[in-house]
Amino acid sequence: MNLSDINRWWIEKRVPTELIGKKREALNEVLPLFEKRQILLIEGIRRVGKTTLMYQLIDHLIKKGISPYNILYFTFDIATMSPEDILKQYANALKKNLRKDKIYVFFDEIQKYDNWWDKIKILYDIYPNIKFCLSGSVSTLLKKKSRESLAGRVFTYLLNPLSFPEFLHFRNVEIDYNRIELFEDLLNAEIAQYLKTSGFIEVVLEQDESIIRKYFLETVFERIVYKDIPTVFGIEEPELLREIFKIISENPGAIIRFNSLASDLKRDRRTIERYISYLKNAFLVFQLSNYSSNMLTARKKNKKFYPSYTSFSYATTQSMIIDEALLGKMVEGAVASKLNAKFFYRNSRGNEVDIVYTKQREIIPIEVKFRNSIEKRTVKILKQFMKEFNCNRGIIISKHKKDTVETEVGTIYITPFAEFLLT
């Protein structure tokens, strides 16, 4: 293949506008990492915008005065050449000295090259003047060997879909952030679209709901389950992956008992656990552990699972209208995902707190009640948790209501979901 076909800036002296897209918050977040000597690894699910972010970094370099000839891009989506051969072909074509010239190398979808970490480690050590930027659609640092090979040599950045403020920007929706309550009806309408699309750029403007469903099931999910995961992990039953994922997507926030699920699916428990780990490492699902002051105990307890993006719950529903129960669970998953939460809480009496957010040494219990009224029982459960674990604040995510409840154990803040997404 001809490298100049995918490195058009060598000829045009700029990155074509159609490849750059709209600038995202991620660009500013990743630049400090990009400027370091270490390899930058951009991870994320398919279609989340990793390639576009690479093009934006290349555009940033050219505008900063870096010669376009010193920037190499290659995607393993189109060929499986070795990284060494790619560099040699580039050096011969542009007459570059790999040991002396300052060169920026972008390898897209690196996980498709076997044992890529060993190859990149060697190149990183041999050519200290080369800055490597890699992308991967599955958790490319999963394998122990890759972590060991690249220890101290890599910074990882997880690229997510559009945040809600970015989503509004991409949809050209303008609001006054100092007067959010004035835009409540508009924001709630936008939230419905945001939950359906999860901020994936290619569908944020799509109004045809059948197209949105088709996009997530065929363009994203099926490509991961039937192509990416089998290629990387060598699995034999992609249909089992599909079935487990469908169960989690249709029941977001459900507690999964591996023994029961294994019995239902007529599989060994260890197989179920392994296949769920594949879904986690492909950024398709995430889990919350039952909170305990003893982390060993927390790891042993049952876990709640959510699809990583609410759009998958929407895509797998049969009805065109999302019922209130599923909508509430989708909102709960969106809150947990935004916070990168790790825990929920359920005690032996069945009292449950949806999300337990831990930040440094602070513990914050969060209940998600996407409805017009907040029951006294919700406040009571939060108070019990706050007393037991010595917390001084809790949060209730509501649909409309905004309030502050002072209690003898601390303050409970009631915050509308829209405001939570915007702040």
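Values in this document were obtained by computation on a predicted structure and should not be read as measured data. (Residues numbered from 1 in each chain as written. Predicted model: local features only at pLDDT ≥ 70, side-chain atom pairs only at ≥ 80, totals over all residues. Heavy atoms only, no water.)

### What to know about the side chain of serine 313
Right, so step 1: Relative to the elements of secondary structure, serine 313 occurs in helix α15 (residues 310–316).
Right, so step 2: Apart from residues lying up to four places away in sequence, serine 313 is in contact with Ser249, Pro252, Pro307, Leu326 and Met330. (Helix = DSSP H or I, 4+ residues; strand = E, 2+ residues; numbered from the N terminus. Contact = heavy atoms within 4.5 Å.)

### A word on helix α13 (residues 269–281)
Side chains that are three or four residues apart share a direction in an α-helix, a result of its 3.6 residues per turn.
Right, so step 1: The terminal C-alpha atoms of α13 lie 19 Å apart, and with 13 residues this matches the ideal 18 Å at 1.5 Å per residue to within 8%.
Right, so step 2: Among the residues of α13, Thr271, Ile272, Tyr275, Ile276, Tyr278, Leu279 and Asn281 are the ones counted as buried.
Right, so step 3: Against α10 (209–233), α11 (238–250), β6 (254–256), α12 (258–265), β7 (285–290) and β8 (303–307) lie the buried residues of α13.
Right, so step 4: Immediately beyond the C-terminal end of α13, within one or two residues, lies phenylalanine 283, with a positive phi of roughly 65 degrees. (Expected span 1.5 Å × (residues − 1). Buried < 20%, exposed > 50% of the residue type's maximum accessible area, 1.4 Å probe, protein only.)

### Observations concerning helix α6 (residues 116–126)
Right, so step 1: Those residues of α6 that sit buried are Trp116, Trp117, Ile120, Leu123 and Tyr124. What you see down the axis of α6 is that its buried residues fit within an arc of 130 degrees, all on one side. (Arc of directions from axis to C-beta.)

### Remarks on the packing of helix α3 (residues 25–34) against helix α4 (residues 50–63)
Right, so step 1: Axis separation between α3 and α4 bottoms out at 11 Å; the angle between their running directions is 65 degrees. Handedness of the α3/α4 crossing: right-handed. The segment α3 lies against α4, with Ala26, Leu27, Val30, Leu31 and Phe34 engaging Leu53, Gln56, Leu57, His60 and Leu61.
Right, so step 2: Of the residues in the contact of α3 with α4, the class split is eight nonpolar, two polar and no charged. (Axes fitted to C-alpha atoms, helices over the stretch in contact; angles between N-to-C directions. Left-handed = near helix turned anticlockwise from the far one by under 90°. Nonpolar A, V, L, I, M, F, W, Y, C, P; charged D, E, K, R; others polar.)

### Observations regarding the packing of α11 against α13
Right, so step 1: Interaxial distance between α11 and α13 falls to 10 Å at its minimum, and their mutual angle equals 80 degrees. If you check the angle between α11 and α13, you find them roughly perpendicular. In this structure, α11 contributes Leu240, Leu241, Ile244 and Phe245 to the contact, and α13 contributes Thr271, Ile272, Tyr275, Ile276, Tyr278 and Leu279.
Right, so step 2: By residue class, the composition of the contact of α11 with α13 is nine nonpolar, one polar and no charged. (Parallel < 35°, antiparallel > 145°, perpendicular 65-115°, else oblique.)

### Digging into the sheet that holds strand β4 (residues 130–136)
Right, so step 1: Pairing is parallel in the open sheet, where five strands are placed in the order β2-β3-β4-β1-β5. Looking at strand neighbours, the two that pair on one side only are β2 (71–75) and β5 (154–158), the edges of this open sheet. With direction set aside, neighbouring strand axes in the sheet form an average angle of 15 degrees.
Right, so step 2: In this sheet, β5 lies alongside strand β1 (residues 39–43) in parallel orientation, the contact comprising five bridges. (Pairing = 2+ DSSP bridges.)

### Considerations on the confidence of the model for the protein chain
Right, so step 1: Confidence along the protein chain averages 92 in pLDDT terms, with 96% of residues attaining 70 or more.
Right, so step 2: The spread of mean pLDDT over the elements of the protein chain runs between helix α14 (residues 295–300), the lowest at 62, and strand β3 (residues 103–108), the highest at 98. (pLDDT = per-residue confidence, 0-100.)

### Considerations on the nonpolar core
Right, so step 1: Of all hydrophobic cores here, the largest spans 133 residues; its most connected members are Ile45, Leu57, Phe106, Phe107, Leu284, Val335 and Phe417.
Right, so step 2: At nine residues, the largest contribution of residues to this core is made by α10.
Right, so step 3: Apart from residues lying up to four places away in sequence, isoleucine 45 is in contact with Lys50, Ser137, Phe200, Val220, Ile224, Ala282, Phe283, Leu284, Tyr309 and Phe312.
Right, so step 4: Core analysis: the next-biggest nonpolar cluster, separate from the first, contains 17 residues, Ile363, Phe385, Met386 and Ile412 among them. (Core = buried A, V, L, I, M, F, W, Y, C linked by side-chain atoms within 4.5 Å.)

### Quick word on the sheet that holds strand β10 (residues 352–359)
Right, so step 1: In spatial order, the strands read β6-β8-β7-β9-β10-β11-β12-β14-β13; together these nine strands make up an open sheet with mixed pairing. Two strands bound the open sheet, and with one partner strand each, they are β6 and β13 (403–406). The average undirected angle you get between the axes of adjacent strands in this sheet is 35 degrees.
Right, so step 2: Pairing geometry for β13 and strand β14 (residues 411–416), over four bridges, is antiparallel. Residue pairing in the sheet places glutamate 406 in a bridge with threonine 411 of β14.

### Some details on the pairing of β4
Right, so step 1: Of all seven residues in β4, seven are buried, a share of seventy percent or more.
Right, so step 2: Side chains Ile130, Phe132, Leu134 and Gly136 project from β4 onto one buried face, and the interleaved Lys131, Cys133 and Ser135 project onto a second face that is buried too.
Right, so step 3: As paired strands, β1 and β4 are joined by four bridges and run parallel to one another. Each residue of the ladder has a partner; that of leucine 40, found in β4, is cysteine 133.
Right, so step 4: Taken together, the five bridges between β3 and β4 define a ladder with parallel strand orientation. Residue pairing across strands places phenylalanine 107 opposite leucine 134, the latter belonging to β4.
Right, so step 5: In the classification by handedness, the crossover that spans β3, the intervening α6 and the parallel β4 is right-handed. (Right-handed = clockwise from strand over helix to strand, strands pointing away.)

### Focus: the packing of aromatic side chains
Right, so step 1: With the rule as written, the count across this model stands at 31 aromatic pairs.
Right, so step 2: When the centroid spacing of 5.5 Å and the interplanar angle of 85 degrees are considered together, the rings of tyrosine 345 and phenylalanine 389 count as edge-to-face. Residue tyrosine 345 is located in strand β9 (residues 343–346), and its partner phenylalanine 389 is located in the loop between α17 (376–388) and β12 (393–398); the two are separated by 44 residues in the primary sequence. Neither tyrosine 345 nor phenylalanine 389 differs from the other in exposure class; each is buried.
Right, so step 3: Cluster of aromatic residues (ring-pair linked, three or more members): Phe200, Tyr215, Phe216, Phe221, Phe245, Tyr309 and Phe312.
Right, so step 4: In this structure, lysine 22 is placed above the aromatic ring of phenylalanine 170, and the distance from its NZ or CZ to the ring centre is 5.2 Å. (Phe/Tyr/Trp six-rings, centres within 6.5 Å; stacked < 30°, edge-to-face > 60°. Lys NZ or Arg CZ within 6 Å of the ring centre and 35° of its normal.)

### Section: the pattern of salt bridges
Right, so step 1: Applying the stated criterion across every chain yields a total of 28 salt bridges.
Right, so step 2: The partner of arginine 393 in a salt bridge is glutamate 362, with the nearest N and O atoms 2.7 Å apart. Residue arginine 393 is found in strand β12, and its partner glutamate 362 is found in strand β11 (residues 362–368); the two are separated by 31 residues along the sequence.
Right, so step 3: On the accessibility criterion, arginine 393 (30% relative accessible area) is partly exposed.
Right, so step 4: Overall, glutamate 362 belongs to the partly exposed group, its relative accessible area being 27%.
Right, so step 5: Here lysine 401 ties to aspartate 403 by a salt bridge, and the two come within 3.8 Å at their closest N and O atoms.
Right, so step 6: Judged by relative accessible area, which is 36%, aspartate 403 ranks as partly exposed. (Salt bridge = Lys/Arg side-chain N within 4 Å of Asp/Glu carboxyl O.)

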